[in-house]
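An overview of the molecular structure
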Amino acid sequence: MSAEMAIKIEGLGKRYRFNPAVGGHRKTFREAISGLASMPAKLMPGRGPDASDSKGFWALQDISFEVPRGEVIGVVGGNGAGKSTLLKILSRVTVPTRGRAELSGRIGSMLEVGTGFHQELTGRENVFLSGSILGMSRAEIALRFDRIVEFSGIESFLDTPVKRYSSGMYIRLAFAVAAYLEPEILLVDEVLAVGDSVFQRRCVDRMAELARSGTTLLFVSHNLDLVTRLCSKTALLERGRLVQIGPSTEVVESYIRRLLDDSVEEDLSGRPRRGDGRARFETLSLLNGQGRPASAIRLDDDLRCVIGIQSTVEARGVSLAIVVKTLQGAKLFTSWTDEVGFRIDLRPGLQHFECRFQDVRLRPGRQVAIELWMYDGDALDHIDVARIVDVVERAGEPSGYSAHPEQGPYLCEYEWSPRRPTSH
Amino acid sequence: MIAAVEADIAAIQARRAARVNLPPPTLSKTIIQPAKGWRAVDFGELWRYRELVVFLAWRDIAVRYKQTALGASWALIQPFLMMVVFSTFFGKFSGSSAGGVPYPLYVFAGLLPWMFFASTVAGAGNSVIGSERLITKVYFPRLAIPFAVAGWAAVDLAVASTLLGAMMAWYGVAPGAGLLLMPVWFALIALTGLGVGVGLAALNVAYRDFRYVIPFLVQLWMFATPSIYMQADGLPTRGLVHAALSLNPMTPLVAAFRSSALGTPIPFWATAVAAMAAPVVFILGCLYFRKVEGEFADIV
């Protein structure tokens, strides 16, 4: 069987003509008219990429890689690394400035949930409208209609206008339509960051199903755990360039390390994050069992995480979660306010919370990463890697346990002894 | 029994072999590269996406008719009120009849094609800006958006035509054989309207203040189409004004539409010129749109 490439990208580059961050804007007609007197050529808005606009910037530069048919490839990188731009170009939403890409097969893209939905139309009507916009024919949509509705779980509300749906229902229906696209190549952009956890799992399952049936998947995400699980290969983008591409575990670890060369900092404001931003994680301080600042996690000691949250709104019933995980993304232990009935109500301003992990038993000699979640039905903030921290020996007598990376990260006391065979 | 099992196994193996030997389905190849300069309009692609155009048009129609409390009656009330205004102010000057036809009917029959044109132009002109969410998230031929506007404008026209029919019955005016040419006028007006609308849509994306120019432009255009509300003999036959007015393809088209509806003679030459101009305007508008459309998602 020929290893035909589903996606071939050569030297792809994208330059935006103006950068809103530094005050660039679309021309106004007035400006164009007054410019007309001085330079007739300026009237054409579609002028070439080497225009004299100094306010432009290169979002992507010289990206080249290939994706064989049926592979699931992840794309990771910080905010502004160019991941969304790459996806937009491959989805043909925008044109590249340089380079070339060749895609074999029908292209489906999920850049957003609810593309094409109109508030005044009913759920049923929106399924057809959205399906059509995403590229399905009327016949195809009719064929899959029942499965779409079943996946979304909103049978009884099919004929009410979508404006009456809760945000959860809306998302489920919107995703269901996109999930039943059956293209040869599927491009997904962090759509899965929405919805409740049950639904998220459904989405992941559906993506895995598509992957198994041979769909080529390109998945952009901040959720490194998911990327490692779903994708065999991952590409790392940084400031518009392809920095690394290879097996997911390797690339993800590399990304985390690059991310936190300044990992001792408490200040979280520079961390890549996702969420609606109504409240943000500002600081994370680590203290040891005695309440003194800790630069490392000590075996058998308590670990106290003090989180500073800056909120712009009042939010009731907020949940916080802390995940301590390996640098490859495997979770070691988690803490979740809902689980222990710790209720959080946020007020505008700065608030602090502490989570005290008791008798932490991690094997010394390695590093772990800390992930933070803030959630109230919608994700307010999620920082995949808030901090990287060393795990060190206990104070006083060293435990004597091996620090070899082959040994498991969690440490449990154990004892070996000879055993005489018992007689039957 | 063993023979039966063996037969089963053979059948399964044969099916498997057949599947493996199937040639792989040929896959469509998409090539993405920088867009440079003028690009042709890809009618093939538009045809493949025809269902989408219909869906977009249907969406606009459904939303319009669901949203306004007046619903369908808005398509009737607008031209009716305009007719009343014109009849009150202009009816006196043009005389109570124009070409043998009662003035209110005369002006109403002229307003219908005009409003179809104006809706198409203004609707198409603002359509791309209004579809920002779609354009930045999904691929489809962008021309589908303004094209869909002709859909709901046509529905409005159809609804208003019922009132026209009623008025004609009221005044006892019957259409002639010219009625058969109605689809032609409709197509020509649609082409002209879309051509202008599509061009405006592109300009609207490129220049963010252009949206304020559009209603003004449409208003001016209406005054430059005197055939809506007055007989041609009231106008200058030479000079700058005459030249400007004869460049307006809508003048003969409105007159032709009315003539077909009311059974009066159709002005030939002017209509023929407009008929040739319509596809040209359409193609030019689409070409300009295509040149700029690659950057829509970045700018909008």
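Preceding block: the structure.
The paragraphs below set out a description of the structure included in this document.

The rules behind these values
- Residues numbered from 1 in each chain as written.
- Chains lettered and ligands numbered in written order.
- Predicted model: local features only at pLDDT ≥ 70, side-chain atom pairs only at ≥ 80, totals over all residues.
- Heavy atoms only, no water.
- Helix = DSSP H or I, 4+ residues; strand = E, 2+ residues; numbered from the N terminus.
- Buried < 20%, exposed > 50% of the residue type's maximum accessible area, 1.4 Å probe, protein only.
- Contact = heavy atoms within 4.5 Å.
- Axes fitted to C-alpha atoms, helices over the stretch in contact; angles between N-to-C directions.
- Parallel < 35°, antiparallel > 145°, perpendicular 65-115°, else oblique.
- Nonpolar A, V, L, I, M, F, W, Y, C, P; charged D, E, K, R; others polar.
- Pairing = 2+ DSSP bridges.
- Core = buried A, V, L, I, M, F, W, Y, C linked by side-chain atoms within 4.5 Å.
- Phe/Tyr/Trp six-rings, centres within 6.5 Å; stacked < 30°, edge-to-face > 60°.

Now for the overall build of chain A. In terms of helices and strands, chain A carries 8 helices and 19 strands. The proportion of buried residues among the 424 residues of chain A is 52%. A fraction of 72% describes how many contacts in chain A between residues 6 or more apart in sequence connect residues 24 or more apart.

Right, let's get into the packing of helix 5 (residues 103-130) of chain B against helix 7 (residues 144-171) of chain B. Residues and elements named next belong to chain B. Relative to each other, helix 5 and helix 7 sit at 170 degrees, their axes nearing to 8 Å. Here helix 5 is positioned roughly antiparallel relative to helix 7, judged by the angle of their axes. Residue composition of the contact of helix 5 with helix 7, by class: 22 nonpolar, 5 polar and no charged.

With that settled, consider the sheet that holds strand 11 (residues 279-287) of chain A. All names here are of chain A. On the basis of which strands lie adjacent, the open sheet formed by 3 strands has the order 11-13-17 and antiparallel pairing. Edge positions in the sheet fall to strand 11 and strand 17 (349-357), since each has one partner strand and no second. When the angles between neighbouring strand axes are averaged without regard to direction, this sheet yields 20 degrees. Pairing analysis gives 9 bridges linking strand 13 (residues 303-311) to strand 17, with the strands arranged antiparallel. Considered in strand 17, the bridge of S311 is made with G349.

The next subject is the side chain of B:T251. With respect to the helices, strands and loops of the structure, B:T251 is situated in helix 11 (residues 250-262). In this structure B:T251 touches B:A224, B:T225, B:S227 and B:L245, once residues within four positions along its chain are discounted.

This brings us to the nonpolar core. With 118 residues, the main nonpolar core has A:I9, A:L218, B:F140 and B:F147 as its most contacted residues. Per-element accounting of this core gives the leading share, 10 residues, to helix 5 (residues 167-179) of chain A. Core analysis: the second largest hydrophobic core is formed by 52 residues, B:V107, B:A153, B:M250 and B:L262 among them.

Scanning the entire structure with this criterion turns up 14 aromatic pairs over all chains. Ring centres of A:F128 and A:F145 lie 5.5 Å apart, and the angle between their planes is 25 degrees; on these two criteria the pair is classed as stacked. Placement of A:F128 in helix 3 (residues 123-134) and of A:F145 in helix 4 (residues 138-152) is noted, with a sequence separation of 17 residues between them. Between B:F147 and B:F282, the ring centres sit 5.7 Å apart and the planes meet at 25 degrees, which makes this aromatic pair stacked. Note that B:F147 is positioned in helix 7 and B:F282 in helix 12 (residues 268-293), a separation of 135 residues in sequence.

Everything listed is a geometric property; what it means functionally is a separate question.
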